Amino acid sequence: MKQQIIPAIRRFKDFEKGIKSDHEYVVLLDTHLATLKSVVKTVHNEGRKVLIHVDLIQGLKSDEQATEFLCQEIKPDGLISTRSHVLQAAKKKGVMIVQRLFMIDSGALETSYRLAEKIEPHFIEVLPGVVPELIKEVHENTGIPVIAGGLIRTPENVQNALDYGATAVTTSNPALW
């Protein structure tokens, strides 16, 4: 992934701006199953790649069967999830996987390391992304490229994350796209 900022589209009103930006990848958050196929097709028609946050699809359970459906019918370029079984199923289908980690305490961090070792995702998304020391630590401990996400609200937040080793940042703030 070559881009440093990945638009994370949360609201439909930001969709056009996200897909018309110069960014190769976009993330779809809070999507609805009924519209997902047409939304992904629109993103692809704009020459963009799409990462779907599986855990935030309304109307779809985050399990292996849902992952198979997404990979075969919706055809995203990648999936983001906190669930290891979802990521493993997507990886078997040859889809890029991003393991989303919420860093709430030391226990969560240690569990995340074990999961990353087992799953071997293409990327790890660390949340909150405004804790640069964690970005550096996760990358050093896993060897997996890190995407910073969550609470990225200013250009300074973006730069701090990149300075501490993030490959990219995801942000739902259209002003940063």
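Up top is the structure.
Being a predicted model, the structure only gives us computed values, none of them experimental. (Residues numbered from 1 in each chain as written. Predicted model: local features only at pLDDT ≥ 70, side-chain atom pairs only at ≥ 80, totals over all residues. Heavy atoms only, no water.)

Caption draft 1: Just the overall build of the protein chain, in detail. A tally of helices and strands in the protein chain yields seven helices and eight strands. Against the 2.2 N^0.38 benchmark of 16 Å for 177 residues, the protein chain shows a C-alpha radius of gyration of 15 Å, consistent with a compact globule. With the C-alpha coordinates of the protein chain rotated into their principal frame, the extents come out at 40 × 35 × 25 Å. Expressed as a percentage of the 177 residues in the protein chain, the buried residues total 51%. Within the protein chain, residue pairs in contact and separated by at least 24 positions form 50% of the contacts whose partners lie at least 6 positions apart. Of the charged side chains in the protein chain, 21 are positive and 22 negative, and the gap between their average positions amounts to 6 Å. (Helix = DSSP H or I, 4+ residues; strand = E, 2+ residues; numbered from the N terminus. Rg over C-alpha atoms; globule rule 2.2 N^0.38 Å. Buried < 20%, exposed > 50% of the residue type's maximum accessible area, 1.4 Å probe, protein only. Contact = heavy atoms within 4.5 Å. Lys, Arg positive; Asp, Glu negative; His and termini not counted. Charge placed at Lys NZ, Arg CZ, Asp CG, Glu CD.)

Caption draft 2: Representation of the sheet that holds strand β3 (residues 49–53) within the structure. Taken in spatial order, the eight strands close into a barrel running β1-β2-β3-β4-β5-β6-β7-β8, and their pairing is parallel. Geometrically, the sheet is characterised by an average inter-axis angle of 25° between neighbouring strands, direction not taken into account. By the bridge criterion, four bridges tie strand β2 (residues 25–28) to β3 in an arrangement that is parallel. By the bridge assignment, Val-27 is partnered in β3 with Leu-51. The strands touched by helix α6 (residues 132–142) are β6 (123–127) and β7 (146–148); relative to β7, the strand with the most contacts, the crossing angle is about 165°. (Pairing = 2+ DSSP bridges. Axes fitted to C-alpha atoms, helices over the stretch in contact; angles between N-to-C directions.)

Caption draft 3: Expanded view of unusual backbone geometry. For the bond from Leu-127 to Pro-128, the omega torsion is 0°, close enough to zero to count as cis. With respect to the helices and strands, Pro-128 occurs in the loop between β6 and α6. A positive phi is found at Lys-75, a non-glycine position, where the angle reads about 60°. Note that Lys-75 resides in the loop between α3 (64–74) and β4 (78–81). Of note in this structure, Glu-120 is not a glycine but carries a positive phi near 55°. Among the secondary structure elements, Glu-120 is positioned in the loop between α5 (106–119) and β6.

Caption draft 4: Expanded view of the environment of Thr-154. Within the fold, Thr-154 resides in the loop between β7 and α7 (155–163). When its relative accessible area of 27% is taken as the criterion, Thr-154 is described as partly exposed. A polar contact is formed between the side chain of Thr-154 and the backbone nitrogen of Asn-157, at a distance of 3.0 Å. (Polar contact = N/O pair within 3.5 Å; in protein donor to acceptor, adjacent residues only side chain to side chain.)

Caption draft 5: Spotlight on the side chain of Arg-48. Along the chain, Arg-48 turns up in the loop between α2 (33–45) and β3. No salt bridge is formed by the buried Arg-48. Its closest oppositely charged neighbour is Asp-22, at 4.8 Å. Here Ile-19 takes part through its backbone oxygen, which lies 3.2 Å from a polar atom of the side chain of Arg-48. Each residue touching Arg-48, except ones within four places of it in the same chain, is listed here: Ile-19, Lys-20, Ser-21, Asp-22, His-23, Glu-24, Val-43 and Asp-77. (Salt bridge = Lys/Arg side-chain N within 4 Å of Asp/Glu carboxyl O.)

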